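Spelled out from the first residue to the last, the chains are:
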Amino acid sequence: MQIEVYKMTADNENLTITLEAVCDTFSSLLWDIEYYQCGRFEVYIAANPQNIGIFQTGRIVGRNDDNRHFGIIDSVQIETDAENGDYLTVSGRFLMCILERRIIHPTLNIMAQTAYSDIVRNAVTLNAILDDNRRIPGLSLGTVSGLCWEQTATLQVSYANLMEWIYTICEKIGGTANIRIVKDSGEQYKMVLDLSQGTDRSLMQEENPHVVFSDAYSNLLSFSYAADTSITRNFAYIFGQGKGAERKRTTFCTDAEPSYLDRYELYVDADDISETEQVEGETLPIPEEKYIALLKTRGSEKLVLPQTASESEIAAHNTQYQYNKDYFVGDYVTVEHKRFGMMQPKMQLIGMIEGFDRNGRSLTPTFRKG
């Protein structure tokens, strides 16, 4: 595996990327892919004039064995040590972080039931592709895969950070978003935004081959488990615009209304959701039933389910299941620890830290109850 470092130059609509260096002599590399948030990377490498010239902020870091994830260097630190030598710590986040540079403005108003894929793609188009001053050169819309993106909603959102809002939608529906680089022509590249969904490979289904991590199979090296209900919020009171008793309000819960000790209430201030909309340059009131639907969508985004998480270390060179071939971040798998008598039949792999150092390769996944 080799690290590739690219120089990125943006000019109007064009994105010129040139390969500056290929490196395979680093001390360590952490490649942290996340499903519901922007992933990160870190390179630890000897500090010398050549490497200092190569690893500069704003440049792109990739891997020759991963064509889906590319990062932007946003931090370079030099540490000198007379005994251990001089080292660079180079870190950054994957390309989704480029959408963090934009907010949603003006208000995105979706009044008809619309697929979440179209809502997200529309938000990106309006705030990062069409406007001349706000355009991110080379950014375009890519593929959409997964039934979760076919779910529909009405919503209104304004001034939210674009990247954070997209991941809020992802967590709500169970999908993910990723920006990758693809070659266009010559030295011209483009950044492509893909929307996708993980695959169920757990014992709870029969369509796909099962993936089971277990101490009995010697592919689960370490295991930790945590359950937390303190942050649960499963019933929302949502308040929109208006004063006192005239203020528009509604409630929302996912399934049957919870009660007694199973009820965890949440107040949602949605005063920013306007009661009017612009239609062909004219300001018109939003019908009450549609406004209430907007409030319910906002409430659904704020609910917090009980957290069940499991962090483990799995066998990196396991011949039974190969990471990024037999399973991927976002997939649902089965995790069991027979010594403790614990079986988690359907857990989602929401993060994977892939590490490389002098001891070899390691895989540290994070699972969450599906």
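As the structure is a prediction and not an experimental result, all values here were calculated from the model.

Trainee: Got a minute to help me understand the packing of helix 2 (residues 116-129) against helix 3 (residues 162-173) in this structure?
Mentor: Two numbers describe a pair of packed helices, the interaxial angle and the distance between the axes. At a minimum axis separation of 11 Å, helix 2 and helix 3 run at an interaxial angle of 175°. The pairing of helix 2 with helix 3 is recorded here as roughly antiparallel in orientation. Only Leu162, Trp165, Ile166, Ile169, Lys172 and Ile173 of helix 3 make contact with helix 2, whose side of the interface consists of Tyr116, Ile119, Val120, Ala123, Val124, Asn127 and Ala128. Taken together, the residues that form the contact of helix 2 with helix 3 break down as 11 nonpolar, one polar and one charged.

Trainee: In this structure, what is going on with the pattern of salt bridges? I would like to understand it.
Mentor: Between side chains of opposite charge, a pair can form when the charged atoms approach closely. Counted according to the given criterion, the structure contains 15 salt bridges. Across the salt bridge formed by Asp331 and Arg201, the nearest N and O atoms sit 2.6 Å from each other. Taken together, the positions of Asp331 in the loop between strand 20 (307-314) and strand 21 (332-337) and Arg201 in the loop between strand 12 (188-197) and strand 13 (212-214) put the pair 130 residues apart, joining distant regions of the chain. The class of Asp331 is buried, set by a relative accessible area of 3%. The exposure class of Arg201 is buried, given its relative accessible area of 14%. A salt bridge links Arg361 to Glu354, with the shortest nitrogen-to-oxygen separation between them at 2.8 Å. Judged by its relative accessible area of 4%, Glu354 is buried. Through salt bridges that share partners, Arg63, Asp65, Glu354 and Arg361 make up one connected network.

Trainee: What am I meant to see in the pairing of strand 19 (residues 282-285) here?
Mentor: Along a regular strand, successive side chains alternate from one face of the sheet to the other. With four bridges connecting them, strand 18 (residues 276-279) and strand 19 associate as antiparallel partners. Looking across to strand 19, one finds that Thr276 is bridged to Pro285. Between strand 18 and strand 19, which follow one another and run antiparallel, lie two residues, and Glu280 among them has a positive phi close to 50°.

Trainee: Whenever I open this one, the sheet that holds strand 17 (residues 265-269) confuses me. Can you help?
Mentor: Either a parallel or an antiparallel arrangement is found when strands of a sheet pair, and the pairing is made through backbone hydrogen bonds. If you trace the three strands from one edge of the open sheet to the other, you get 16-15-17, paired in mixed fashion. Each edge of the sheet is formed by a strand with only one pairing partner; in this case those strands are strand 16 (249-252) and strand 17. Mean inter-strand twist for the sheet, computed between neighbouring axes without regard to direction, equals 20°. Of the strand pairs in this sheet, strand 15 (residues 235-239) and strand 17 are connected by five bridges, and their pairing is parallel. By the bridge assignment, Phe235 is partnered in strand 17 with Glu265. Each of strand 15, strand 16 and strand 17 touches helix 4 (residues 288-302); the most contacted strand, strand 16, lies at about 45° to it.

Trainee: Would you take a moment to explain the environment of Phe223 for this structure?
Mentor: Its place among the elements puts Phe223 in strand 14 (residues 220-228). Of the residues examined, Phe223 reaches a relative accessible area of 18% and is grouped as buried. Remark: the alpha-carbon pair of Phe223 and Lys325, spanning 102 residues in sequence, is separated by 23 Å.

Trainee: Explanation requested: a negative patch on the surface in the structure shown.
Mentor: Together, Glu79, Asp81, Glu83 and Asp86 make up a region of like negative charge exposed at the surface. What makes Asp81 partly exposed here is its relative accessible area of 33%.

Trainee: Got a minute to help me understand the nonpolar core in this structure?
Mentor: Side chains that are nonpolar tend, in soluble globular proteins, to be buried together. Residues Met96, Leu99, Trp165, Ile166 and Tyr327 are the most contacted members of the largest nonpolar core, which totals 84 residues. Membership of the second largest hydrophobic core comes to 12 residues, among which are Met111, Ala270, Ile286 and Tyr291.

Trainee: What exactly am I supposed to notice about the pairing of strand 23 (residues 360-369) here?
Mentor: Relative to strand 23, strand 22 (residues 342-357) is paired through 10 bridges, and the arrangement is antiparallel. When the bridges of strand 23 are listed, Met347 appears paired with Lys369. Between the antiparallel neighbours strand 22 and strand 23 lie two residues.

Trainee: What should I look at first to understand the packing of aromatic side chains in this one?
Mentor: Ring pairs (aromatic) are described by centroid distance and by the angle formed between their planes. Per the stated rule, a full pass over the model turns up 11 aromatic pairs. Taking the centre distance of 6.0 Å and the plane angle of 45° together, the rings of Phe213 and Phe367 count as tilted. Highlighted residues: Phe213 in strand 13 and Phe367 in strand 23, separated in sequence by 154 residues. The residues Phe213 and Phe367 share a single accessibility class, namely buried. An aromatic cluster is built from Phe213, Tyr321, Tyr323, Tyr327 and Phe367, whose rings are joined through pairwise contacts. Seen from the ring of Tyr332, Lys346 lies directly overhead, with NZ or CZ sitting 4.9 Å from the centre.

Calculation rules
- Residues numbered from 1 in each chain as written.
- Predicted model: local features only at pLDDT ≥ 70, side-chain atom pairs only at ≥ 80, totals over all residues.
- Heavy atoms only, no water.
- Axes fitted to C-alpha atoms, helices over the stretch in contact; angles between N-to-C directions.
- Helix = DSSP H or I, 4+ residues; strand = E, 2+ residues; numbered from the N terminus.
- Parallel < 35°, antiparallel > 145°, perpendicular 65-115°, else oblique.
- Contact = heavy atoms within 4.5 Å.
- Nonpolar A, V, L, I, M, F, W, Y, C, P; charged D, E, K, R; others polar.
- Salt bridge = Lys/Arg side-chain N within 4 Å of Asp/Glu carboxyl O.
- Buried < 20%, exposed > 50% of the residue type's maximum accessible area, 1.4 Å probe, protein only.
- Pairing = 2+ DSSP bridges.
- Patch = residues over 30% accessible without salt bridge, like charges linked within 9 Å, V, L, I, M, F, W, Y side chains within 5 Å.
- Areas by Shrake-Rupley, 256 points an atom, 1.4 Å probe, with all protein chains shown as cover.
- Lys, Arg positive; Asp, Glu negative; His and termini not counted.
- Charge placed at Lys NZ, Arg CZ, Asp CG, Glu CD.
- Core = buried A, V, L, I, M, F, W, Y, C linked by side-chain atoms within 4.5 Å.
- Phe/Tyr/Trp six-rings, centres within 6.5 Å; stacked < 30°, edge-to-face > 60°.
- Lys NZ or Arg CZ within 6 Å of the ring centre and 35° of its normal.

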